[in-house]
Amino acid sequence: MSVGSQVVTAARDWLGTPYRHQASMCGAGTDCLGLLRGVWREVIGPEPAIIPAYTFDWSEPQGEERLWAAALAHLSPAEPDMKPGDVLLFRMRNGAVAKHLGILSEAGNLPAFVHAYTGHGVVESPLSAPWRRRIVARFRFPLEG
């Protein structure tokens, strides 16, 4: 099974997990970064870095792309074609820092992604045009941690 397939399978195991800021425990609670961390632990192994505490508005006052920088440090840039298992980085508002993550679960004509979303928990959503417009970068899990 490819790394991308393993990532999608692991991400779907989190469906229904409630949203909990800074958490990363399948079934108990997670945020979007926690989902990615949990999938990493299942597919790759121990997390590559300790995540410091962060607030809901983290990196916004400074305008720093901290999540993007962390993704560049620990993930591989994705190829031009979108593939299941790709990590999607979103900018939720024009001019804001990119700070939402999801995992592409389906590519092709009906793309979808798994993400932890405030007020919804972990869900699988269609990658509709409004979501696609918010993608600023894509990454892939490395073959090993």
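Look up: the structure comes first, before these words.
Keep in mind the model is a prediction, meaning the values are calculated, not measured.

About the cut-offs
- Per chain, residue numbering runs from 1 following the sequence as it is written.
- Local features in a predicted model are, by the rule used here, given only for residues with pLDDT of at least 70; side-chain atom pairs are given and counted only at 80 or more, and totals for whole chains, interfaces and linings are based on all residues.
- Derived side-chain values reflect all non-hydrogen atoms in the structure, with water molecules and hydrogen atoms excluded from consideration.
- Only a pair of cysteine sulfur atoms within 2.5 Å counts as a disulfide in this structure description.
- Each residue's exposure class comes from its accessible area (1.4 Å probe, protein chains only) as a fraction of the maximum for that residue type: buried when under 20%, exposed when over 50%, partly exposed otherwise.
- What counts as a helix is a DSSP run of H or I of at least four residues, what counts as a strand is a run of E of at least two, and both are numbered from the N terminus.
- In this analysis, two residues are considered to be in contact whenever any of their non-hydrogen atoms come within 4.5 Å of each other.
- The term nonpolar core refers to a set of buried residues drawn from Ala, Val, Leu, Ile, Met, Phe, Trp, Tyr and Cys, joined through side-chain atoms within 4.5 Å.
- The salt bridge criterion pairs a side-chain nitrogen of Lys or Arg with a carboxyl oxygen of Asp or Glu, the two atoms within 4 Å.
- Strand pairing is assigned whenever DSSP detects at least two bridges linking the two strands.
- What counts as an axis is a line fitted to C-alpha atoms, over the stretch in contact for a helix, and the angles between N-to-C directions run from 0 to 180 degrees.
- Multiplying 1.5 Å by the residue count of a helix minus one yields the expected span of that helix.

## Side note on the state of the cysteines
This model, assessed by the stated rule, comprises 0 disulfides. Not engaged in a disulfide, the cysteine Cys 26 finds its nearest cysteine sulfur in Cys 32; these two sulfurs lie 16 Å apart. The exposure class of Cys 26 is partly exposed, given its relative accessible area of 40%. Given a relative accessible area of 11%, Cys 32 falls into the buried group.

## As for the environment of His 120
Assignment of secondary structure puts His 120 in the loop between strand E6 (112-117) and strand E7 (121-126). Looking at His 120, the relative accessible area reads 52%, which means it is exposed. The spatial distance from the C-alpha of His 120 to the C-alpha of Thr 17 is 9.0 Å, given a sequence separation of 103 residues.

## Quick notes on the environment of Gly 29
Considering the arrangement of structural elements, one finds Gly 29 in strand E2 (residues 29-30). With relative accessibility at 2%, the residue Gly 29 sits in the buried group. Considered as a pair, Gly 29 and Trp 14 are 15 residues apart in the sequence and their alpha carbons are 9.3 Å apart. With near-sequence residues (within four places) excluded, Gly 29 lies in contact with Thr 17, Pro 18, Arg 20, Ala 23 and Ser 24.

## Description of the nonpolar core
Val 39, Leu 75, Leu 101 and Phe 141 are the most contacted members of the largest nonpolar core, which has 28 residues in total. Mapped onto this core, the elements with two or more residues apiece are helix H1 (3-13), helix H2 (32-43), helix H3 (66-74), strand E4 (87-90), strand E5 (100-106), E6 and strand E8 (135-140). It is H2 that contributes the most residues to this core, 7 residues altogether. Beyond its immediate stretch of four places on either side in the chain, Leu 101 contacts Cys 32, Leu 33, Leu 36, Leu 67, Val 87, Leu 88, Leu 89, Phe 90 and His 115. Within the second largest apolar cluster, 7 residues are counted, among which are Leu 88, Phe 90, Leu 104 and Ile 135.

## Section: the pattern of salt bridges
For side chains bearing opposite charge, pairing can occur when the charged atoms are close. In this structure the tally under the stated criterion is 10 salt bridges. Across the pair Glu 106 and Arg 12 runs a salt bridge whose closest N-O atoms are separated by 2.9 Å. Of this pair, Glu 106 sits in strand E5 while Arg 12 sits in helix H1, placing them 94 residues apart in sequence. Since its relative accessible area comes to 36%, Glu 106 is described here as partly exposed.

## What about the sheet that holds strand E3 (residues 76-77)?
Strand order in this open sheet of 6 strands is E3-E8-E4-E5-E6-E7, and the pairing throughout is antiparallel. Each of the sheet's edge strands pairs with one partner strand only, and the pair in question is E3 and E7. Along the sheet face, H2 touches E4, E5, E6 and E7 and points at about 55° away from the line of E5. Where H3 meets the sheet, it contacts E4, E5 and E8, and its direction lies at approximately 25° from that of E8.

## Details of the side chain of Arg 37
As for its position among the elements, Arg 37 is in helix H2. Leaving out residues up to four positions away in the same chain, Arg 37 has contacts with Gln 22, Ser 24, Glu 47 and Ile 51.

## Here's the deal with H2
Along its 12 residues, H2 runs 17 Å from first to last C-alpha, staying within 8% of the 16 Å computed at 1.5 Å per residue. Here H2 lies mainly inside the structure; 10 of its 12 residues are buried. By the burial criterion, the buried members of H2 are Cys 32, Leu 33, Gly 34, Leu 35, Leu 36, Arg 37, Gly 38, Val 39, Trp 40 and Val 43. Positive phi appears at Gly 45, one or two residues downstream of H2, with a value of about 135°.

The values reported here are purely geometric and, on their own, carry no functional implication.
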